[in-house]
Amino acid sequence: LKALIASQDVDASGRLQRAELSGVLRALGYEPDEGAVAEAVLAVSSGPGGGGDVERGLDLSGLHQVLGVYRSREGFRAKELEEVEEAFARYDAAKHEEVGYLEVGRILRFLGYSVPLETQMELIGKVDVIRAGTLDIGEMRKLIRMWHTRR
């Protein structure tokens with residue numbers, strides 16, 4: 001990460017400013033949504049430890065914390081994340097914190113996505129690496145992020 005910070009640190013401050021953070025995320029393979037990035041930085045800067053000092057920029061520790069938040073949210077804004085979680089809960093009828101493959105399509109349609117069955121199965125195959133036949137909320141978020149990126 002140190003080399004990545006140095007390569008994106010346009011102002012050579014040794015810290016990443018918010019504008020420089022998007023370049024880091026792109027270098028890591030993300031297509032960052034500026035609102036989601038801002039929310040991740042805010043979550044870190046207002047959380048315990050306050051590692052994401054927005055005014056001074058992010059040091060290595062702050063960047064690590066922001067990346068953790070951004071990754072855990074799969075790059076979604078808080079509102080989008082809430083919608084995904086509500087849809088997931090709606091179709092997790094047994095309340096086992098997992099849904100079967102059939103429910104995945106229902107969740108996607110509920111959220112307004114028209115994803116062909118073949119594409120759904122391809123994405124499920126990428127996120128359900130242990131072939132459990134079910135997805136948890138983290139895998140569902142990842143699947144939806146993959147669909148967003150593909151479009």
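Residues numbered from 1 in each chain as written. Predicted model: local features only at pLDDT ≥ 70, side-chain atom pairs only at ≥ 80, totals over all residues. Heavy atoms only, no water.

1. Focus: the nonpolar core
Basically, it comes down to this: Grouping buried Ala, Val, Leu, Ile, Met, Phe, Trp, Tyr and Cys residues that are joined through side-chain atoms within 4.5 Å yields what is termed a nonpolar core. Note on classification: 1.4 Å probe, protein chains only; a residue is buried when its accessible area is under 20% of the maximum for its type, exposed when over 50%, partly exposed between these limits. Helix and strand definitions here come from DSSP, where helices need a minimum of 4 consecutive H or I residues and strands a minimum of 2 consecutive E residues; each element is numbered from the N-terminal end. Residue contacts follow a heavy-atom distance rule, with two residues in contact if any of their heavy atoms lie within 4.5 Å.
Val-104, Leu-108, Leu-135, Met-140, Leu-143 and Ile-144 are the most contacted members of the largest nonpolar core, which has 19 residues in total. Elements that contribute at least two residues to this core include exactly helix H5 (78-91), helix H6 (101-110), helix H7 (117-127) and helix H8 (137-150). Ignoring anything within four residues of it in the chain, the contact list for Ile-144 reads Phe-76, Val-84, Leu-108, Leu-111 and Tyr-113. Counting residues in each nonpolar core, the second largest holds 17 residues, with Leu-16, Leu-25, Ala-36 and Leu-67 among its members.

2. Some thoughts on the side chain of Arg-145
Note the threshold: We treat Lys and Arg as the positive residues and Asp and Glu as the negative residues; His and chain ends play no part in the count. For this analysis, a salt bridge means a side-chain nitrogen from Lys or Arg found within 4 Å of a carboxyl oxygen belonging to Asp or Glu.
Along the chain, the position of Arg-145 falls in helix H8. Among buried Asp, Glu, Lys and Arg side chains, Arg-145 stands out as unpaired, with Glu-80 the closest opposite charge at 4.9 Å.

3. Concerning helix H4 (residues 60-72)
Under the convention used in this document: Expected helix span is given by 1.5 Å per residue-to-residue step, counting one fewer step than there are residues. Directions drawn from the helix axis to the C-beta atoms are what define this arc. N or O atoms within 3.5 Å of each other form a polar contact, as long as, within protein, one can give a hydrogen and the other can take it, and as long as residues adjacent in sequence are counted only when both atoms are side-chain atoms.
Compared with the 18 Å implied by 1.5 Å per residue over 13 residues, the 18 Å span of H4 between its first and last C-alpha is a close match. Three or more residues of H4 are buried, namely Gly-62, Leu-63, Val-66, Leu-67, Val-69 and Tyr-70. Considered in projection along H4, the buried side chains sweep an arc of 165° and stay on one side of the axis. Where H4 is buried, its residues meet helix H1 (2-8), helix H2 (18-27) and helix H3 (34-46). A distance of 3.2 Å separates the backbone nitrogen of Ser-61 from a side-chain oxygen at the start of H4, and that oxygen is part of Asp-59. Just past H4, the residue Glu-74 takes up positive phi, approximately 55°.

4. Some thoughts on the side chain of Arg-141
Looking at the element boundaries, Arg-141 is found in helix H8. In this structure, Arg-141 is in contact with Ser-72, Glu-74, Phe-76, Leu-81, Val-84 and Glu-85, ignoring residues within four places of it in sequence.

5. Observations regarding the pattern of salt bridges
Tallied over the full model, the rule gives seven salt bridges. When the shortest N-O distance is used, the salt bridge between Arg-77 and Asp-33 registers 2.8 Å. Of this pair, Arg-77 sits in the loop between H4 and H5 while Asp-33 sits in the loop between H2 and H3, and the two are 44 residues apart along the sequence. The partly exposed category is assigned to Asp-33, whose relative accessible area is 26%. A salt bridge links Lys-142 to Glu-74, with the shortest nitrogen-to-oxygen separation between them at 2.9 Å.

6. Let's talk about the packing of H3 against H4
The packing of two helices is summarised by the inter-axis angle and the distance between the axes. Put simply, the rule is: Between N-to-C directions, angles span 0 to 180 degrees; the directions come from axes that are lines fitted to C-alpha atoms, helices contributing only their stretch in contact. Angles are sorted into four bins: roughly parallel if under 35 degrees, roughly antiparallel if over 145, roughly perpendicular if 65 to 115, and oblique for all others. By convention the crossing between two helices is left-handed if the near helix lies anticlockwise of the far one by an angle smaller than a right angle, and right-handed if it lies clockwise. All amino acids are sorted into three groups, where Ala, Val, Leu, Ile, Met, Phe, Trp, Tyr, Cys and Pro are nonpolar, Asp, Glu, Lys and Arg are charged, and the leftover types, Gly among them, are polar.
The contact between H3 and H4 brings their axes to 9 Å, and the two run at 120°. One finds that H3 runs oblique with respect to H4. As H3 packs across H4, the resulting crossing turns out to be right-handed. Judged by residue contacts, Ala-36, Val-37, Ala-40, Val-41, Ala-43 and Val-44 of H3 engage Gly-62, Gln-65, Val-66, Val-69 and Tyr-70 from H4. Grouping the constituent residues of the contact of H3 with H4 by class yields nine nonpolar, two polar and no charged.

Read these as layout, nothing more, since geometry by itself doesn't imply function.
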